Structures are given as structure tokens and as C-alpha cells.
Amino acid sequence: MKTDARVRYTRRVIKESLLRLLEDRPVNRITVKEVCEAAQINRATFYAHFTDCFDVLNQMENDLLADFERSLSFASVVDVVDMIERIYAMIDQNAEVCRVLIFQNKDSSLTAKMIAMAHDKTIVCWKEQLTRATESDREMLFTCLSNGLLNVILTGYSKYEREEVVKFVSETVRLLITPYL
């Protein structure tokens, strides 16, 4: 069932308003009243859609995680270019949310959630493709690659040319994975 355009609009302005407020302070220091004023809605409207500011933040994170999950590509462990391009596209489509929730908030649990989301599918794929790797090898490779390379992609997003990041990540993955093929 499709959501009414007015509902989508209201939810969007509430999220955008909270996002602007998050640029200056953490969610636990933002009130529903402030969000309502910024969104130019009344409190009853806010509460018709969300329970509190944490609920709004949680929904924004869940939306971003859903987009991240769609962006993942597990076709090959050696050729990660497609996966990186999909992650960049996801970041491009969610630029403001990523800027505030990930880039400005380096201790965000959001990247840990992204990594956890990729774990099981990646390990299953690697069991088939990395025939010389033990279970421990696969787990350590995943920890190294997922934590390091996702952070390279996120940090490099606005710091380096996209092609430079893609080349670095591809080469790193190739070097680390090759002994296990």
C-alpha cells in the first residue's frame, strides 16, 4: 500500500528538520518542540508519525541501512568495483543524511551496523570462492576488509577522487584475497 503524499511530505520535513538540528548538537539535546518549530508543524502532527526525536533518528538510520543493503553486491570477492560504485551511489542519494550521521559523527554505530549487515552474506560467498581459507581466515579477512575499506570509502568520499579510492580498494582486496583463491 502506498503512503499518502501528505504523510510522505510530513515525515520528510520532520526528518530534514531533525537533521539540520543534529548538525549543531546530539539528538539527546534536541526537543520535539524544536523539531516542530523547524518543520513548521504542530506537536500533534509530529506525534502522529513518531514517538520522539530518537524515533525519527532511528527511522533515518533504518532508511539509510536499507539503501546500503540494496547497494551491496556480493557477486565476486575479487572484483569489488561494482560494490564500491553502488556504495558511492547510495551515499550520493543520501548525501545530507550521510554527511550528518556518518561523516560528521565518526563514532557512529551506523558504520558498525553496515558492517554487521554485510557479514553473513560475505562469509557465505567466501566459503565458496576462497577455497584455501579456513573459517578463521575468512573471519579475520572480513574484519580487516570491512572495517578498513568501508572507512576508506567513507573517509575518501569527499577527500579523494572516486577512481583513486576504487583503485586502492580493488588492489587491497586483490592482494589480501589472492592467497586464498
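This one's a predicted model, so the numbers in the text were calculated from it and none came from an experiment.

**Focus on the side chain of K15**
Item 1. If you trace the backbone, K15 turns up in helix α1 (residues 5–22).
Item 2. On the basis of relative accessible area, K15 is assigned to the buried category, the value being 17%.
Item 3. Once residues within four sequence positions are removed from consideration, K15 is found in contact with F50, V56, Q59, M60 and D63.

**With respect to the packing of aromatic side chains**
Item 1. Scanning the entire structure with this criterion turns up 5 aromatic pairs.
Item 2. Taking 5.5 Å as the distance between ring centres and 25 degrees as the angle between the ring planes, the aromatic pair formed by Y88 and Y157 counts as stacked. Of this pair, Y88 sits in helix α5 (residues 81–93) while Y157 sits in the loop between α8 (135–156) and α9 (162–177), placing them 69 residues apart in sequence.
Item 3. Geometrically, the ring pair formed by W126 and F142 is edge-to-face, given 6.3 Å between the ring centres and 65 degrees between the ring planes. On the criterion of sequence distance, the pair formed by W126 in helix α7 (residues 109–129) and F142 in helix α8 is long-range, its members being 16 residues apart.
Item 4. Each residue in the set F46, Y47 and F50 is aromatic and connected to the rest through ring pairs, giving one cluster.

**What about the environment of M114?**
Item 1. Tracing the chain through its elements places M114 in helix α7.
Item 2. Taking C-alpha positions, M114 is 16 Å from R99, a pair spaced 15 residues apart along the chain.

**Re α1**
Item 1. Given a rise of 1.5 Å per residue, 18 residues ought to cover 26 Å, and the 25 Å separating the end C-alpha atoms of α1 matches this to within 8%.
Item 2. Listed in full, the buried residues belonging to α1 are T10, V13, I14, K15, S17, L18, L19, L21 and L22.
Item 3. Looking at the buried residues of α1, the elements they touch are α2 (32–39), α3 (43–49), α4 (53–71) and α6 (95–103).
Item 4. Of the residues flanking the start of α1, the one acting as N-cap is D4, its side-chain oxygen 2.7 Å from the backbone nitrogen of R6.

**Side note on the pattern of salt bridges**
Item 1. On inspection of all chains with the given rule, the structure shows 12 salt bridges.
Item 2. The partner of D82 in a salt bridge is R86, and the shortest N-O contact between them spans 2.9 Å. With D82 and R86 both in helix α5 and 4 residues apart, this pair spans about one turn of that helix.
Item 3. On the basis of relative accessible area, D82 is assigned to the partly exposed category, the value being 36%.
Item 4. Through salt bridges with shared partners, a single ionic network connects E23, E96 and R99.

**Some words on the nonpolar core**
Item 1. One finds L18, L22, F46 and L101 to be the most contacted residues of the largest nonpolar core, which totals 55 residues.
Item 2. If near-sequence neighbours (up to four positions away) are discounted, L101 is found in contact with L19, L22, L57, M60, E61, S108 and L110.

**Brief notes about the environment of I41**
Item 1. Within the element layout of this structure, I41 appears in the loop between α2 and α3.
Item 2. Distance from I41 to A118, taken between C-alpha atoms, is 38 Å for residues 77 residues apart in sequence.
Item 3. In contact with I41, not counting residues within four places along its chain, are I14, C36 and F46.

Calculation criteria
- Residues numbered from 1 in each chain as written.
- Predicted model: local features only at pLDDT ≥ 70, side-chain atom pairs only at ≥ 80, totals over all residues.
- Heavy atoms only, no water.
- Helix = DSSP H or I, 4+ residues; strand = E, 2+ residues; numbered from the N terminus.
- Buried < 20%, exposed > 50% of the residue type's maximum accessible area, 1.4 Å probe, protein only.
- Contact = heavy atoms within 4.5 Å.
- Phe/Tyr/Trp six-rings, centres within 6.5 Å; stacked < 30°, edge-to-face > 60°.
- Expected span 1.5 Å × (residues − 1).
- Polar contact = N/O pair within 3.5 Å; in protein donor to acceptor, adjacent residues only side chain to side chain.
- Salt bridge = Lys/Arg side-chain N within 4 Å of Asp/Glu carboxyl O.
- Core = buried A, V, L, I, M, F, W, Y, C linked by side-chain atoms within 4.5 Å.

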